[in-house]
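Topology and contacts: notes
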Amino acid sequence: MAAENTSNWESKIQRNPHPDFKAVEASRPPFDTTKTFSYTQTPQPSWTFGAGANHLSTRQDKEKPHRQIDPYSPTRPAHLNYKLLISAIVPRPIAFVSTVSPDGKVTNLAPFSYFTVISHDPPLFIIGFASSLVNPDPTKAKDTLRQLDEVKECTINIISESFLEAANSTAINAPYGVSEWDVSGLTPVYDCEHVKAPRVKEAVFSIEGKLESLRGFESKSTPGKVSSTMAVVEGVKFWAREDAINEEGSLLDIEVLRPISRLGGITYGRVTEGMELPRPDFAKDLGGHEGAAKLERREQVN
């Protein structure tokens, strides 16, 4: 990622809360390699329609007040919105994006957690960038955004536990032209069918992507400045490791994928537990309009 103004931004948000991170890390338990993904029941398997929150929600919780926060308050700097939102909108999937320059000489690899899938037909993904191609200086756009705009293609790779540290290292504020592949030690594979950018060999799942559109958004704290950009990327080819995908190519084994997510601050998350819940059917499970009417009458009585 580009080194532009990152020192100023990092000093504002104070992303790392630990003066001596390595000392804090050393005081914590080691990573538990024995944990495997498992299923549990939901918090309240006996829950019924109309029952509201389950038993984990206490009366005291319901009585606790909420604070209103105006994101556009003249006394609230924009970086506080950033810190709040990345701690509230969790866990977030991470797009580990690989791009190349038009001449193929400069490669870039960087993680972005403003990311999700928005459609399966066609397969569409959005990636958010906290930078711009137009204001105030297009040369200061994040390297990934610049190359994506120039070449119109990329690969999106999903980060697994097995290369978390390497993936995190690519968030370094290296100047343009310094390869994050070298920084991380990860392996570029140039075998994609539709794009020039390499995929990450260590990734269990990767996507060849073509840029569908870019849209910039104007800052509310600094009017006239385009502060962020949304990229819509179409997936044109998927790569799944053989031991992770089922026969019909429709399901990845989460125990093999072992995905990493982004939480607030400098925190990452892992997935070791899940709960299954079938999607309810209006007629079969609720009893159709008659069942809905009973819930409505009960609410009126209460």
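Higher on the page you've got the structure.
Residues numbered from 1 in each chain as written. Predicted model: local features only at pLDDT ≥ 70, side-chain atom pairs only at ≥ 80, totals over all residues. Heavy atoms only, no water.

**Observations concerning the pairing of strand β2 (residues 95-100)**
Stated precisely, the cut-off is as follows: Each residue's exposure class comes from its accessible area (1.4 Å probe, protein chains only) as a fraction of the maximum for that residue type: buried when under 20%, exposed when over 50%, partly exposed otherwise. Secondary structure elements are taken from DSSP: a helix is a run of H or I of four residues or more, a strand is a run of E of two residues or more, and numbering for both begins at the N terminus. Criterion used throughout: strands pair if DSSP finds at least two bridges between them.
The element β2 is extensively covered by neighbouring structure, given that six of its six residues are classed as buried. Here β2 shows no split at all, with Ala95, Val97 and Thr99 on one side and Phe96, Ser98 and Val100 on the other all buried. Relative to strand β3 (residues 107-112), β2 is paired through six bridges, and the arrangement is antiparallel. Note that in β3 the partner of Phe96 across the bridge is Pro111. As consecutive antiparallel partners, β2 and β3 are separated by six residues, and within that stretch Gly104 has a phi angle of approximately 75°, a positive value. Pairing between β2 and strand β6 (residues 153-157): three bridges, direction antiparallel. Bridge assignment links Val97 to a residue of β6, and that residue is Ile156.

**Let's talk about the sheet that holds β2**
What counts, and what does not: Working convention: axes come from line fits to C-alpha atoms, limited for helices to the stretch in contact. Angles between N-to-C directions cover 0 to 180 degrees.
With antiparallel pairing, the seven strands of this open sheet are ordered in space as β3-β2-β6-β9-β10-β5-β4. Across the chains shown, the open sheet's two edge strands, defined by having one partner strand only, are β3 and β4 (115-120). Here the average twist between neighbouring strands, direction ignored, is 30°.

**Structural notes on the nonpolar core**
What counts here: The nonpolar core is taken to be a set of buried Ala, Val, Leu, Ile, Met, Phe, Trp, Tyr and Cys residues, with the residues joined through side-chain atoms within 4.5 Å. Note on definitions: a residue-residue contact is assigned when non-hydrogen atoms from the two residues lie within 4.5 Å.
In this structure, Phe115, Ile127, Phe129, Leu148 and Ile156 are the most contacted members of the largest nonpolar core, which totals 23 residues. Those elements that provide at least two residues to this core are β2, β3, β5 (123-129), α5 (143-151), β6, β9 (205-218), β10 (226-240) and α8 (254-257). Sequence-distant contacts of Phe115, that is, excluding residues within four places in its chain, are made with Pro93, Ile94, Ala95, Phe125, Ile126, Ile127, Ile156 and Ile158. Counting residues in each nonpolar core, the second largest holds 12 residues, with Ile94, Ile159, Phe163 and Ala203 among its members.

**So, helix α4 (residues 78-88)**
We count it as follows: Each direction from the helix axis to a C-beta atom contributes to the arc, which is the arc of those directions.
All of the buried residues along α4 are His79, Asn81, Tyr82 and Ile86. Looking down the long axis of α4, one finds its buried residues gathered within 150° of arc, a one-sided arrangement.

**Re a nonpolar patch on the surface**
Short version of the rule: Grouping into patches uses exposed residues only, defined as over 30% relative accessible area, and leaves out salt-bridged ones; the cut-off is 9 Å for like charges and 5 Å for nonpolar side chains (Val, Leu, Ile, Met, Phe, Trp, Tyr). Here the accessible surface of atoms and residues is derived via Shrake-Rupley with a 1.4 Å probe, and residues count as covered only by protein chains that are part of the display. Definition used for salt bridges: Asp or Glu carboxyl oxygen within 4 Å of a side-chain nitrogen of Lys or Arg.
Where nonpolar side chains cluster on the molecular surface, the patch consists of Ile69, Leu84, Leu85 and Ile89 and spans about 340 Å² of accessible area. Position of Leu84 among the secondary structure elements: in helix α4.

**Comments concerning the state of the cysteines**
The following threshold applies: Note on terminology: disulfide denotes any pair of cysteine sulfur atoms within 2.5 Å.
Applying the stated criterion across every chain yields a total of zero disulfides. For Cys154, which is in no disulfide, the shortest distance to another cysteine sulfur is to Cys192 and amounts to 9.9 Å. Note on Cys154: relative accessible area 0%, which makes it buried.

**Some details on the pairing of β9**
With five bridges connecting them, β6 and β9 associate as antiparallel partners. Each residue of the ladder has a partner; that of Cys154, found in β9, is Gly209. Here β9 pairs with β10 via 13 bridges, running antiparallel. Within β10, the residue paired with Gly209 across the bridge is Gly235.

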